[in-house]
Structure formats: C-alpha cells, structure tokens
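Examining the three-dimensional arrangement
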Amino acid sequence: MPKTVQRNQVKIAIVMLLMAAATGWAGTPATVTGIVRDTQGVVQMGALVQVLGADSVMVGTALTDLHGRYLIANLLPGKYEVRASGALFVPSTQRNLQLRSGKRTIVNLTMNAIFDATSWLPAERRKADEPSDDWKWTLRSAANRPILRIFDENGDPVMISSSAAEHTRTPDKARASVTSGDGGFGAGGIHNVFQMDRALPDGSDMRLRIDVGTMSGPAVRAPSTSLAVGYQRRLGFAGAGRTVVSYQSHPEMLSSGGSSGFDTAEMASVQKTSLGDTVDLEAGGTVYVVHGPAYGMASRPFLRITAHPGSNWRAGYRMATSRDLQSFEGLDSVELELPVAVLQQGKMQLERGLHQEFSVSRKTGRGMVQASYYKDNLSNVALSGSGRLAVADLNGDAQGIQTIGLITDTTTDTFRMMGSGYHAQGVNLMLTEPITQALWVAVEYSTGAGLSAPAGNGAVQMTSLASTLKPKASQSATVAIKGRVIHSGTQVRASYRWQPEALVTAVNPYAAFSDQAYLSFFIRQPIRCGGLLPAGLEATVDMTNLLEQGYRPILSKDGRTLFLAQAPRMVQAGLAFNF
C-alpha cells in the first residue's frame, strides 16, 4: 500500500478518534426552557430570551409564545447566563447557570417594569409583628416573587422557578406567636396571635389574623379580641388593591363617665396604579366605627401622587388625614391601629387632622436625598399619658358634663386624651444610605411645631390642660437603622428621635419616624439549635422610649401625679413559630 494512502488513513483515524473523544466529553446537548412574567405574575408574550456564554457571547435566542414560554435547545454543557428583555421592562438576568449534559433546565424570569425598578427608602412605618419573609427560596424578585429554587423532577436535579408546576398547589404560610409585656396602649398583657397567609390561584392574596389577649392586674376583665382579614388583588396594568377589615374588642378600657369596654370596627382600602412610566397614583383610606360610652364614626382618606421626571429624580404630593395609613405600603400588615375616641362634653371626639406635603427627592448612588415642605391643620390632637387614673378622673363634674375626655387602659396604666388643635408648617430633610445589601441607615431633620407644656418641671392641673398646652415652634432629628443582618437572619429596626422634652406631641406627626420617640428598637431573631428545636422558631423584642424621656408631670383631680409623654415607655417580647 502506498505510503501516501497510509498517511491519509492514519490522519482520518486520528480525526475520528478526536471527534469521538470530543463527543464523549461534551455529552448530549442541554436545553433551557421556562416562562417569562412581569412582577404582577402576568405572562409576557414576545419577550426576547437570550443565552449568553463566556464573555457575553450569545449562543441561543428565542421569543416567548402566547403563554410566555420559551425553549432554547442544543446547548453544550457549561456555565451560562439567561436574559429576558422586553419593551418598557428592565432586562432580567439569571447568572452562573450550570447546564449539565442531557438535562433540561427550567428558568422562569420575572421582569420589572421601568417605573417599578427603583426602590425608594424609607417605606412607611411598619408594625412590630409584621410577618417576615418566611419563603424558603434561593432568589426573589423586586415584587417578592420567587425566582429560583432546586426541584427534583423524575429524580434528576433541575433548577426551577415560579413555574406552572407551582400553580397546581397554592403556597400557604402560617405564624403563631405569644407575646407578653406592657405593650403600649391597648396591647398589654399576654397576647396569643395566629396569622395565616394564602396565595390564591388567580394571583391574589388573603391574610387572616386572630389575636386573643389575656389581661392581668387588679382590674381583671374578659380577654381582648381582635379579628382581621386582608385581601390583595391585581387591578389592570401595574395596579393593585388592598383591603383589610378588622374588629377589635377591649373590655379592659375605661372611658369618661365610668363606662367600661371599647369596641371598634374598621375597613381600610388602598389602590395604586401607574399612568405610563412617569406618574404613580395611590389612594385610599380608613372608615371606622367606635363604641364606648357612645358611638362615633369617622372616614380618613389619603392621596399620593408621585412623578418621575427623570431616572434619578421624583416629585410628589401627599394628602393624609390619618397618621396610621398614608400609602399603599402602609397596609402591609392586617393589624390596624386602635382609634383614639373619647367622650368629651357629651360627644364622642375622634382625632382629626389634615396633612399636605410637597416633596422632591433624588437618588445618590444607592441612597436617596429628599426635601419636603408640609402644612398641617390639626383639629383634635391625641395626647398620650402614663399613670393609673382614679375614678374621680373618669367621672363627670358636678353638672354631669364631662369637660375632659379620657380613655384609659387598665392593663398598662396608660391613657389617651384630646388636646386642642393647632396649625403648623415646616420642612423635612431626609438622607438614606445602604450600609449593606439588606441594611440601611436614615437621617431625618424636621421643623414645625408641637404642643408644649410650660417651662420648668412643675406639674399642671389636668383640668386646665386645654388652656395650658400651647403650640410651640420647634425641631426634631432622627437617626435610624433598619433591615436584616446578612447570614444571621436577624431583623432589626433601631432609632433615636430627639426633640425638646417640653413637647408632648411630635414635631411633624405625619413623618415616617414620628411614632418612635427617643430610643426605640425592634429585633426579630431566628432561634437555631442544631436539630433540637424546630425550624421556623423566632424571638422578638419591641421597645419604645426605652430611657423614658420626655415625660411631663400633671396632677389628677385627687392630687396624684401622672405624666404626659409623646410616646410612653413600652417593652414587649415573645416567641413565634412559622410553618
């Protein structure tokens, strides 16, 4: 055989061996498939999905179908990125995706709308016992939807996220907790709380909360009860609505005229929507009926308009008539505040006010700077007090007309009363900056006015408070830290809000930190002890005005010393189990 033929045969054999080795090394091609949705869970047709290799080299593309599905096949095993993009959406990317030989990898992507991509801090005030993020997912989207987890399909490891398989079984969450302490007005004693969250197949969510409080002390009465039901639903394009219905019964409350028991029924509803990419609207309010010595009813609406003239700028207008509900995020929790209503001069008086605010803010890196001008018209201002009231303080005068309206909590020895109204205006400056990916710090400065006691430490008569407390121009400053400690699961909220101690009401009472006077903090810590304790166990500690600052003495009708405070000291702790 000629040498030339032999050489060619050897070359062909070597090439075939190399091809066989390469085929054996590469294995069967891999496949990527999944569904693309927006933050509201709506599937996106026509979204562009790209698979990128090393150095961002594109190795495969596909467009989603009518049901938002895509399929990209014939991919060599290795590490890739999967990216979804569409008109009016910020691209969503899944990085470091390891494709294995012959395996199908399911990656569902959630795209944020352009006007939803920016998160501005801080959010409105949150309650201490709001449910934490108990979902056991690896990654989550900006809308708190699951992105990626490990799923075993037919015994093979597959990476999957919020796929159609998840819709066959609706995820539920439940939380049971026991707390004890003085707990603040209407929240003292031992409270047993059960809360359940359920996501419905149509994308809406429901939440149920039951609270039964066991009272202690010399005036032992029936347990307090609270029942609340919340519902959230999608409303058209980039819109959503929340509704919470609540009933509370507090037999431990004593009111003016010697009446015992206090009941309230509330309904809070909020909606948000977007007008294109530049304007966001939020509107809603609370309607409640209270029953004490008499009946009272009130409606407290709010309106919020936010414009985005640029990528780093926003301007807004806010109108609020209640300090408790001022935004869509303010209804995250189904636990509604207990309204303040007192019997004064034979009529039920409820706290009333009107807050209007214009603000401009700008993103600075990952932080934010905001400047606001506000104007308040407060008709009835609730005053907070501490100390045990005598029967003489709650009974009417000699003519049978109650000139001072009071309601007291016999469990915590705290009370509320109505002060005179006043007008105020001022500015609010706020700077927020992330410390870590999950922890941020805020600095706030406000000017305005508040009701002030006379100079000095002398006590004033309770019967003359209406004429003694006068509005006084003042200022306040707050430093706050809020977020989650990475790797420990600890949730923390700590703040110190300073203002002159002569003031018994907050400067700028509608500000984000106005209910956290002086030194206050909240900690929620998961408890782990190997396999000895069940997973999902947490400990919580909630404290307000820990150093007992800002107390002003007043004299009751029988000459005893009581105190007014912007926020009386409150300490509460407990255990919770998530399942």
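Residues numbered from 1 in each chain as written. Predicted model: local features only at pLDDT ≥ 70, side-chain atom pairs only at ≥ 80, totals over all residues. Heavy atoms only, no water.

1. Details of the overall build of the chain
Where we set the bar: Helix numbering and strand numbering both begin at the N terminus, where a helix is a DSSP run of H or I of at least 4 residues and a strand a DSSP run of E of at least 2. Per-residue accessibility, obtained with a 1.4 Å probe over protein chains only, is compared with the maximum for each type, and a residue is labelled buried under 20%, exposed over 50%, and partly exposed between these values. Per-residue and other accessible areas were derived by the Shrake-Rupley procedure at a 1.4 Å probe size, with only the shown protein chains allowed to occlude residues.
When helices and strands are tallied, the chain shows three helices and 37 strands. In the chain, buried positions account for 47% of the 579 residues. Of the accessible surface of the chain, which amounts to about 27400 Å², a share of 59% is contributed by carbon and sulfur atoms.

2. A look at the pattern of salt bridges
Worth spelling out the cut-off: What makes a salt bridge here is a side-chain nitrogen of Lys or Arg within 4 Å of a carboxyl oxygen of Asp or Glu, nothing more.
This structure, assessed with the given rule, holds eleven salt bridges. With a shortest N-O distance of 3.8 Å, Asp211 and Arg209 are connected by a salt bridge. We classify Asp211 as buried; its relative accessible area is 9%. Overall, Arg209 belongs to the buried group, its relative accessible area being 4%.

3. A word on the environment of Leu519
Quick reminder of the rule: Should any heavy atoms of two residues lie within 4.5 Å, those residues are considered in contact.
Counting through the fold element by element, Leu519 comes out in strand E33 (residues 518-526). Considering only alpha carbons, one finds Leu519 and Arg497, 22 residues apart in sequence, at a separation of 6.7 Å. Dropping the residues within four chain positions of it, Leu519 is found in contact with Ser495, Tyr496, Thr544, Asn545, Leu546 and Leu547.

4. Here we look at the nonpolar core
Burial of nonpolar side chains together is a common tendency in soluble globular proteins. Spelled out, the test is: In these notes, a set of buried Ala, Val, Leu, Ile, Met, Phe, Trp, Tyr and Cys residues joined through side-chain atoms within 4.5 Å is what counts as a nonpolar core.
Counting residues in each nonpolar core, the largest one holds 36 residues, and the members touching the most others are Met417, Met462 and Leu564. Counting residues per element, the ones that place at least two in this core are strand E17 (240-255), strand E18 (260-275), strand E25 (367-386), strand E27 (414-419), strand E28 (422-434), strand E29 (439-452) and strand E36 (561-564). Beyond its immediate stretch of four places on either side in the chain, Met462 contacts Leu389, Ile404, Leu406, Met417, Ile554, Leu555, Ser556 and Leu562. Counting 20 residues, the second-largest nonpolar core is a separate cluster that includes Leu75, Tyr80, Phe89 and Val107.

5. Brief notes about the pairing of strand E5 (residues 78-85)
Let me state the cut-off plainly: Here, strands pair whenever DSSP counts at least two bridges between them.
Here strand E2 (residues 48-52) runs beside E5; their pairing, made up of five bridges, is antiparallel. By the bridge assignment for E5, Val51 is matched with Val82. Two strands pair when backbone bridges link them, and E5 and strand E7 (residues 92-99) are joined in this way by six bridges, in the antiparallel orientation. Bridging from a neighbouring strand, Ala84 pairs with Ser92 of E7.

6. A look at the sheet that holds E7
The strands making up a sheet associate through backbone hydrogen bonding, with each pair oriented either parallel or antiparallel. We count it as follows: Convention adopted: a line fitted to C-alpha atoms gives each axis, helices being fitted over their contacting stretch, and angles between N-to-C directions are expressed from 0 to 180 degrees.
The strand order E3-E2-E5-E7 describes an open sheet built from four strands, whose pairing is antiparallel. If you trace the sheet from one side to the other, it starts and ends with strand E3 (58-63) and E7, each paired once. Each strand axis lies, on average, 20° off the axis of its neighbour in the sheet, ignoring direction.

7. Quick word on the side chain of His355
Stated formally: Here a polar contact means two N or O atoms within 3.5 Å. Within protein one must be a hydrogen donor candidate and the other an acceptor candidate, and residues neighboring in sequence count only if both atoms are side-chain atoms.
By the element assignment, His355 lies in strand E24 (residues 352-364). Residue classification places His355 among the buried residues on the basis of a relative accessible area of 0%. Side-chain polar atoms of His355 contact the side chain of Asp376, separated by 2.5 Å. Each residue touching His355, except ones within four places of it in the same chain, is listed here: Arg318, Met319, Ala320, Tyr374, Lys375, Asp376, Asn508 and Tyr510.

8. Some remarks on the packing of aromatic side chains
Formally: Two rings belonging to Phe, Tyr or Trp (six-membered ring only in the last case) form a pair when the distance between their centres is within 6.5 Å. Interplanar angles under 30 degrees mark stacking, angles over 60 mark edge-to-face geometry, and anything in between is tilted.
For the coordinates displayed, the defined rule picks out four aromatic pairs. Considering the side-chain rings of Tyr317 and Phe358, the 5.0 Å spacing of their centres and the 45° angle between planes classify their relative orientation as tilted. Here Tyr317, found in strand E21 (residues 313-320), pairs with Phe358, found in strand E24; they are 41 residues apart in sequence, far enough to count as distant. For the pair Phe577 and Phe579, a centre-to-centre distance of 5.5 Å together with 25° between the ring planes defines the contact as stacked. You can call Phe577 partly exposed: its relative accessible area is 28%. Its relative accessible area of 52% is what places Phe579 among the exposed residues.

9. Focus: the environment of Val369
In this structure, Val369 sits in strand E25. For the pair formed by Val369 and Leu431, sequence separation is 62 residues and the distance between their alpha carbons is 4.6 Å. Discounting residues that sit within four places of it in the chain, Val369 has contacts with Val360, Ser361, Arg362, Thr364, Met430 and Leu431.

10. Details of the confidence of the model for the chain
Basically, it comes down to this: What pLDDT reports is the predictor's confidence in each residue, on a scale of 0 through 100.
Residues with a pLDDT of 70 or more make up 82% of the chain, whose mean pLDDT is 81. With pLDDT under 50 throughout, residues 397-401 is counted as low confidence; its partners more than four residues away or in other chains account for three contacts.

11. Examining the environment of Gly387
Relative to the elements of secondary structure, Gly387 occurs in the loop between E25 and helix H2 (391-394). For Gly387, a relative accessible area of 17% gives the class buried. Sequence-wise, Gly387 and Thr414 are 27 residues apart; in three dimensions their C-alpha atoms are separated by 5.8 Å. Excluding anything up to four places from it in sequence, Gly387 contacts Asp413, Phe415 and Leu562.

12. Topic: a nonpolar patch on the surface
Definition in use: Here a patch means residues that are over 30% exposed by relative accessible area and free of salt bridges, tied together within 9 Å if like-charged and within 5 Å if nonpolar (Val, Leu, Ile, Met, Phe, Trp, Tyr).
A cluster of nonpolar side chains, Phe194, Met196, Met206, Ile210, Val212, Leu227, Val229, Tyr231 and Phe579, forms an exposed patch at the surface whose accessible area comes to about 710 Å². Elements represented by at least two residues in the nonpolar patch include exactly strand E14 (189-199), strand E15 (205-214) and strand E16 (224-234). By the secondary structure assignment, Ile210 is in strand E15.

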